[in-house]
Structure formats: structure tokens, C-alpha cells
Amino acid sequence: MVKLINFKWQQLILSLGCLLLIIGCQSLYPTTNPDAKPLKVATDPTFVPFEFQTADGKLEGFDIDLMNAIAKVAGFAIQFESLPFDGMISTLQAKRVDGAISGITITAERLKTIAFSRPYFKAGLAMSTTGYAYAVREDNQNIKDFNSLKGKKIAVQIGSTGADFAKTISNAKISTFNSGPEFFQDLLNGNVDAVVSDAFATLYAIKNGKLKGIRVVADLLTQEYYGIAMPKDSPHLDAINKGIATLLSNGTYKQIYQKWFDAEPPQLPDS
Ligand code: GLN
């Protein structure tokens, strides 16, 4: 009888021990829950006002606010990682980051290799169309429209939709750069005749005096939507889409939009 009781106690202590060990291991290695560790989100902070670094190195911008707000409603933590724009798609393909927010246009070509959230930004609201702007030096009166770009020297950002567009301009001499500040500098130096880049970011920089001496030629060419890029079959896609939907319906999206653009946000499509 005594032996039997002893045996049961031993069994109980052993099972309790196992249970504690399992709980302990789970909290040490919370990999079973994909949302338990922070999501690594890539961004190229050279795209004012969507993502940029303040003088003291702080990451700021429309995309940064939006991503933080999505994380808050979706209940996950975020760790931003700076990455050159050109390397973003391949880094996502290799699943070295969980996502990227960087004013990335949703294109059919990119959708072949990565996934996108629902559209979160319609570019070029102020002009009621979206897409590219031709930024030229203020003293250059020769460039008025698309046709006057033929055969001209044009600077673009490597891997951008602006770079793809520049390829369609006949006889254009295209120079490629890693980021906005660089190609605008080349334009100011007179090394190129024009820059083809996202209208919204360019107009914002001109308005805020960051691109003195540059004007945008009125004609805008394409309509684009930005999406949060993720690896194909990402387990976070659904939570991020739901997060965007929540922010659109609860007024947070509008607040963030007004903070950066001082305007009413336009209607966004669901997909
Ligand atoms: N929207 C453009 C693209 O996706 C450029 C974005 C950027 O420079 N960050 O190619």
C-alpha cells in the first residue's frame, strides 16, 4: 500500500516536471506562434515623406506611421531594417525579411515573385492622376511633355517603376541611381535633362524646399498604388490586410494621411 502511494507521488512529480519543462521551452522558443517575435520590415529611408531619417537618425514618414499602426491593431511587434530599394524584391523572395514598406508600387511583374497587401496609397492625389513626374531644372524650358523627353538624358532610380517607364522613351540616355537624393543632385548639376520618378514624393520635396531649382512638368502618366510587399505565401498577409481595413474604417488612416499630406485621402480599391 505504502509503496503504491509512493509510486503515484513519483508519477505526479514527474508529470508536473515535464509540464513545467514544456512550458519553459515554449516561452524560451516561441517559434510556434509566428506573431510572437517581431516582424522584420525592410524600408529604404530615402523617400520623403514616406520613409526618411531625421537628423538624429530616427525613422519617420507616412509608411512608418502606417506600418506601426497596422502592427498595433494586428497585435505584433515590428523591427524596421534599412535596405536599398533595388534589393528589396530579391530580399523578400529569399524570405530574409517578413515584409517591406517603401512606397513600393504593386505591379504585375512584381506579383510574379512576391505578394502584396491590399493597396494602401494612391500616388499623386494632388494632381488627381498618379504615377510619375518629369522633374526638370527650373531654367530648362525645352522639356514640356512626354515627347520632349525623346533622346534626352534621363535619371531614374534603379529597380523602380520610373526606370521601367524611362525604357519606353525612344533614344533616351538613361542613368541609374540608388536613391532620390542622388538623381536629383545629378539633375541640379546639369548632368541629366530630366528625372522620371514618383510624382507624390517629388512634389512633396519641392513644396518643402528640399529640391530648390527643380520643377515638375505637369503631365502625369500612370496610375499606381503602393502595397506592403511580402514573400509569397506569407503567413502575415491576412493580418496585415485586416489591419489596413481597420485603419481605413476607424479613421486612423485618414489621420496619418492628413498629418503628412494635409489633404483628404482618396478612395482606395480593396484589391
Ligand atoms: N514607387 C516606385 C516603385 O515602386 C518607387 C518607390 C521608391 O523609390 N521608394 O518602383
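Residues numbered from 1 in each chain as written. Predicted model: local features only at pLDDT ≥ 70, side-chain atom pairs only at ≥ 80, totals over all residues. Heavy atoms only, no water.

Peer 1: Hey, could you go over helix α6 (residues 180-188) for me, with residue numbers and the actual values?
Peer 2: Those residues of α6 that fall on the buried side of the exposure criterion are Gly 180, Phe 183, Phe 184, Asp 186 and Leu 187. The arc that holds the buried residues of α6, viewed along the axis, is 155°, so those residues lie on one side. The positive-phi residue at the C-terminal boundary of α6 is Gly 190, with phi of around 85°. (Buried < 20%, exposed > 50% of the residue type's maximum accessible area, 1.4 Å probe, protein only. Helix = DSSP H or I, 4+ residues; strand = E, 2+ residues; numbered from the N terminus. Arc of directions from axis to C-beta.)

Peer 1: Summarise the sheet that holds strand β2 (residues 46-47); cite the residues concerned and give the values.
Peer 2: Pairing within the open sheet is antiparallel, and its three strands lie in the order β2-β3-β4. On the outer flanks of this sheet lie β2 and β4 (59-60), each paired with one strand and no other. Alignment of β2 against strand β3 (residues 51-53), held across two bridges, turns out to be antiparallel. Of the residues in β3, the one forming a bridge with Phe 47 is Glu 51. (Pairing = 2+ DSSP bridges.)

Peer 1: If you had to explain the nonpolar core to someone new, which residues and values would you point to?
Peer 2: Among the nonpolar cores identified, the biggest contains 32 residues, and Phe 62 and Phe 121 are the most heavily contacted of them. Put simply, the parts of the chain that give this core at least two residues each are β1 (39-43), α2 (62-74), α7 (199-207), β14 (225-226), α8 (237-249) and α9 (252-261). Counting residues per element, this core draws most heavily on α2, at six residues. Here Phe 62 is in contact with Pro 49, Phe 50, Tyr 120, Phe 121, Tyr 253, Ile 256, Tyr 257, Trp 260 and Phe 261, once residues within four sequence places are set aside. Among the nonpolar cores identified, the runner-up in size contains 14 residues, and Phe 165, Ala 166, Ala 172 and Val 196 belong to it. (Core = buried A, V, L, I, M, F, W, Y, C linked by side-chain atoms within 4.5 Å. Contact = heavy atoms within 4.5 Å.)

Peer 1: Lay out the pairing of β1 with the relevant residues and their values.
Peer 2: The buried count for β1 comes to four of five residues, which makes it a mostly enclosed element. Bridge count between β1 and strand β5 (residues 78-82): five bridges; the pairing is parallel. Counterpart to Val 41 in the pairing with β5 is Phe 80. In this sheet, strand β6 (residues 99-100) lies alongside β1 in parallel orientation, the contact comprising two bridges. Each residue of the ladder has a partner; that of Val 41, found in β6, is Gly 99.

Peer 1: Just give me the short version of the confidence of the model for the protein chain, but keep the residues and values in it.
Peer 2: Scored by pLDDT, the protein chain has a mean of 85; 82% of the residues are at 70 or more. Between residues 24-35, whose pLDDT stays under 50, and residues either more than four places distant or in other chains, the model counts five contacts. In this model, residues 124-130 is a region of pLDDT below 50 whose contacts with residues beyond four sequence positions or in other chains number 21 contacts. (pLDDT = per-residue confidence, 0-100.)

Peer 1: Which residues make up the packing of α2 against α9, and what are the values?
Peer 2: Between α2 and α9, the least distance of the axes is 10 Å, while the angle of their chain directions is 160°. Considered as vectors, α2 and α9 are oriented roughly antiparallel to each other. Pair α2 / α9 crosses with right-handed handedness. Where α2 abuts α9, its residues Phe 62, Asp 65, Leu 66 and Ala 69 lie against Thr 252, Tyr 253, Ile 256, Tyr 257, Lys 259, Trp 260 and Phe 261. When grouped by side-chain class, the residues that make up the contact of α2 with α9 number eight nonpolar, one polar and two charged. (Axes fitted to C-alpha atoms, helices over the stretch in contact; angles between N-to-C directions. Parallel < 35°, antiparallel > 145°, perpendicular 65-115°, else oblique. Left-handed = near helix turned anticlockwise from the far one by under 90°. Nonpolar A, V, L, I, M, F, W, Y, C, P; charged D, E, K, R; others polar.)

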